[in-house]
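Survey of secondary and tertiary structure
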Amino acid sequence: MSQRGLLVALLCLAWILPGLFGRDPWKPDEAKTFGVVYEMLQGGSWAVPALAGEPFLEEPPLFYLTAAAFAKLFSFALALHDAARLATGAWIAVVFGFTALAGRELYGVRYGTISALLLLGCFGFVVRGHQLITDGAVLAGFAIAYYGFALALRRPVPGGFWIGTGIGIGFLAGGLLAPGVLTLIALLLPALGRDWRTRGYAAALAVAAAAAAPWLAIWPIVLARQSPALFKWWWWNENLWYYFGPQSMTPAGILYYLKILPWYGFPAWLLALWALWRARGPGLARPAVILPVTGFVVTLAALSASSEPRELYALPLLPPLALLASAAPETLRRGAAQSWYWFGAMAFTLFAVAAWFYWSGLELGVPARLHQHLHRIRPGYTPGVRWLPFILGVAYTVFWVAVLASFRRSTVRPVIVWAAGITTMWALMATLFVGWADNSKSYRSMVVSMQRALPARYDCMSSRGLGESQRASLHFFADIVTYRDEVSERRRNCELLLVQGGQKETLAPGGPSKKIWEGARPGDKDERFRLYRRPRAKAR
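Residues numbered from 1 in each chain as written. Predicted model: local features only at pLDDT ≥ 70, side-chain atom pairs only at ≥ 80, totals over all residues. Heavy atoms only, no water.

**Remarks on the state of the cysteines**
One covalent bond between the sulfur atoms of two cysteine residues makes up a disulfide. Applying the stated rule across the entire model yields 1 disulfide. Sulfur-sulfur distance for the disulfide between cysteine 460 and cysteine 494 comes to 2.0 Å. Where cysteine 460 bonds to cysteine 494 through sulfur, the torsion about that S-S bond is close to -105°, and the disulfide is left-handed. Taken together, the residues span a long stretch of sequence, with cysteine 460 in the loop between helix H22 (444-453) and strand E3 (461-464) and cysteine 494 in the loop between strand E4 (483-484) and strand E5 (496-501) at a distance of 34 residues. (Disulfide = S-S within 2.5 Å. Helix = DSSP H or I, 4+ residues; strand = E, 2+ residues; numbered from the N terminus.)

**Quick notes on the environment of lysine 441**
One can find lysine 441 in helix H21 (residues 434-441). What makes lysine 441 partly exposed here is its relative accessible area of 33%. Along the chain, lysine 441 and proline 522 lie 81 residues apart, while their C-alpha atoms are 8.5 Å from each other. Not counting residues up to four positions away in its chain, the partners in contact with lysine 441 are Pro25, Trp26, Lys27 and Arg521. (Buried < 20%, exposed > 50% of the residue type's maximum accessible area, 1.4 Å probe, protein only. Contact = heavy atoms within 4.5 Å.)

**Points about the packing of helix H2 (residues 29-41) against helix H4 (residues 80-107)**
Where H2 meets H4, the axes come as close as 11 Å, and the angle between the chain directions of the two elements is 100°. With respect to their mutual orientation, H2 and H4 come out roughly perpendicular. Side by side, H2 and H4 meet where Glu30, Phe34, Val37, Tyr38 and Leu41 of the first sit next to Leu80, His81, Ala84 and Arg85 of the second. A class-by-class count of the residues in the contact of H2 with H4 yields 6 nonpolar, 1 polar and 2 charged. (Axes fitted to C-alpha atoms, helices over the stretch in contact; angles between N-to-C directions. Parallel < 35°, antiparallel > 145°, perpendicular 65-115°, else oblique. Nonpolar A, V, L, I, M, F, W, Y, C, P; charged D, E, K, R; others polar.)

**Quick notes on the nonpolar core**
For soluble globular proteins, nonpolar side chains are generally found buried alongside one another. The biggest cluster of nonpolar side chains holds 144 residues, and the ones touching the most others in it are Phe96, Phe125, Phe149 and Leu498. Here this core gets 13 residues from one element, more than from any other, and that element is helix H7 (residues 135-151). Those residues in contact with phenylalanine 96, other than ones at most four positions away along the chain, are Cys12, Trp15, Ile16, Ala116, Leu119, Leu120 and Phe125. Leu362, Leu374, Tyr381 and Trp436 belong to the second largest nonpolar core, which has 12 residues in total. (Core = buried A, V, L, I, M, F, W, Y, C linked by side-chain atoms within 4.5 Å.)

**Some details on the sheet that holds strand E6 (residues 514-519)**
Ordered in space as E4-E3-E5-E7-E6, the 5 strands form an open sheet in which the pairing is mixed. Every interior strand has two partners, whereas the edge strands, E4 and E6, have only one. Here E3 pairs with E5 via 4 bridges, running parallel. Pairing of serine 462 across the sheet is with leucine 497, part of E5. Sheet contacts for H22: E3, E5, E6 and strand E7 (528-533); angle to E6, the most-contacted strand, approximately 155°. (Pairing = 2+ DSSP bridges.)

**Describing a nonpolar patch on the surface**
Together, Leu6, Leu7, Leu10, Leu13 and Leu17 line one region of the surface with nonpolar side chains, adding up to about 450 Å² of accessible area. Here leucine 10 is to be found in helix H1 (residues 3-16). A residue is classified by how much of its surface remains accessible, and leucine 10, at 48% relative accessible area, is partly exposed. (Patch = residues over 30% accessible without salt bridge, like charges linked within 9 Å, V, L, I, M, F, W, Y side chains within 5 Å. Areas by Shrake-Rupley, 256 points an atom, 1.4 Å probe, with all protein chains shown as cover. Salt bridge = Lys/Arg side-chain N within 4 Å of Asp/Glu carboxyl O.)

**Re the environment of serine 462**
Turning to its location among the elements, serine 462 is positioned in strand E3. The exposure class of serine 462 is buried, given its relative accessible area of 0%. Between the C-alpha atoms of serine 462 and aspartate 479, which are 17 residues apart in sequence, the distance is 14 Å. If we skip the residues at most four places from it in the chain, serine 462 touches Thr482, Tyr483, Asp485, Arg492, Asn493, Cys494, Leu496, Leu497, Leu498 and Arg534. There is a polar contact of 2.8 Å between the side chain of serine 462 and the backbone oxygen of arginine 492. (Polar contact = N/O pair within 3.5 Å; in protein donor to acceptor, adjacent residues only side chain to side chain.)

**Considering the pairing of E3**
The two faces of a sheet get side chains in turn, since along a regular strand they alternate between them. In terms of strand pairing, E3 meets E4 through 2 bridges, oriented parallel. Residue pairing for E4: serine 463 is matched across the bridge by arginine 484. With helix H23 (residues 468-478) bridging E3 and its parallel neighbour E4, the resulting β-α-β unit is right-handed. (Right-handed = clockwise from strand over helix to strand, strands pointing away.)

**Overview of the packing of aromatic side chains**
If you walk through the whole model with that rule in mind, you get 35 aromatic pairs. A ring pair is formed by tryptophan 263 and tyrosine 264, whose centres lie 5.3 Å apart and whose planes are at 75°; its orientation type is edge-to-face. By relative accessible area, tryptophan 263 is classed as partly exposed at 44%. A centroid spacing of 5.7 Å and a plane angle of 90° characterise the contact between tryptophan 387 and phenylalanine 390, whose relative ring orientation is edge-to-face. One end of the pair, tryptophan 387, and the other, phenylalanine 390, are both in helix H19 (residues 387-406), 3 residues apart, so they sit about a helical turn from each other. Judged by its relative accessible area of 58%, tryptophan 387 is exposed. (Phe/Tyr/Trp six-rings, centres within 6.5 Å; stacked < 30°, edge-to-face > 60°.)

Shown next as structure tokens:
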């Protein structure tokens, strides 16, 4: 690895690590994911992932298995959920690595690092790239496949292997979307680009099919043998329903991703447009344009056709944007490059100053009005200097100042400064304010409060209106598995009933019952939890 490659790898590591440690699983996505991981660690089946005692088939088990493996390996040194979150860091490192390899294959050796840095610098990637969610592994599948598509032009057999591996990982981490999109890209490339219209690429597709087959076959076969009903449920309800169900093709789904793209993919999308403008004419037929444009358009169409749009699902749009934009920084006019550099330098410096100002208000009480405001919107947090986050925050601030002072004018300076600024911004948020945010985004304090009100002995706990994140949090914080009234197979007439609702008590149980506890997460004005005790059923 060259010196430049090593420095970029260290920068990616500095981006990845903050936010992985020192906090609970946050609602909604992290709590659900860790709930499934916790079930596996308690001896649950990998073939039928479960959450709080019930089958949970939103995604196949690959990410859950890797997170459980990391949790088991590193639980001696880290909290179980922090150890599991290392799986996120590993998968995101794969994303950066294969995006760099794809950029290197499409443009040349020195462009790989630019591809990785442009992906790192996208605003939409910052928070999601640090969460305990399956989408990091899905994104790794896309990045691996893009590298395979690029490599297949020069080395068909290894290229086909990586195409098939990317398709398989995308499927086993997220379901049918990734293999469907990547297969369509694979079939469209020969029609759109003559470079893929060769016998070598046909051989690469044959290798890809062989490489993908085990990933695509083993888990569905095992699931179908264990429970044909669950397999049918997963096949339709967790995959095809979003495209062929009664709510498919809604206008909101079609327009949603175009609305969020301006901030989500910034600044890569601007550079991608500039690259397209520079390539107009014969340049549009180059592989470095055909592959990312095809990937972006097909992915956008597939996401837009779904009936459930979420910004989380837009992550696969970012690698093709970064690849398309890779050559743009070197072709920017001097004025544009200087403007980008100064905008990044000033914006992130201002953010760093503001972060330390807010930290002073939060932890030191100076200024007093800011201190009161921050604790009013997130009540229950105990202020005080925590030395490890403070030292890490200082280190990242010094790093930012060093970056600004050390880089001389060059074509890649704006890219490096922007990536370093994004890293510093996220690191300050994830070190100085993680405890304050964790206080309101975790269900730990609510569960602990409820535990204090539990009777010394009770038979079981039913639930009504309780969401997946809440059921998972009860399980891994208190080892409580509820029996939901909404699921006939699980319904029990338990002595305790936990009801999730709003501020008004609209779901109170009928019959003789007594409310023994009521609570919520600190500062939460929407969710309210109430625990009722009912008379024990008389033994016959």
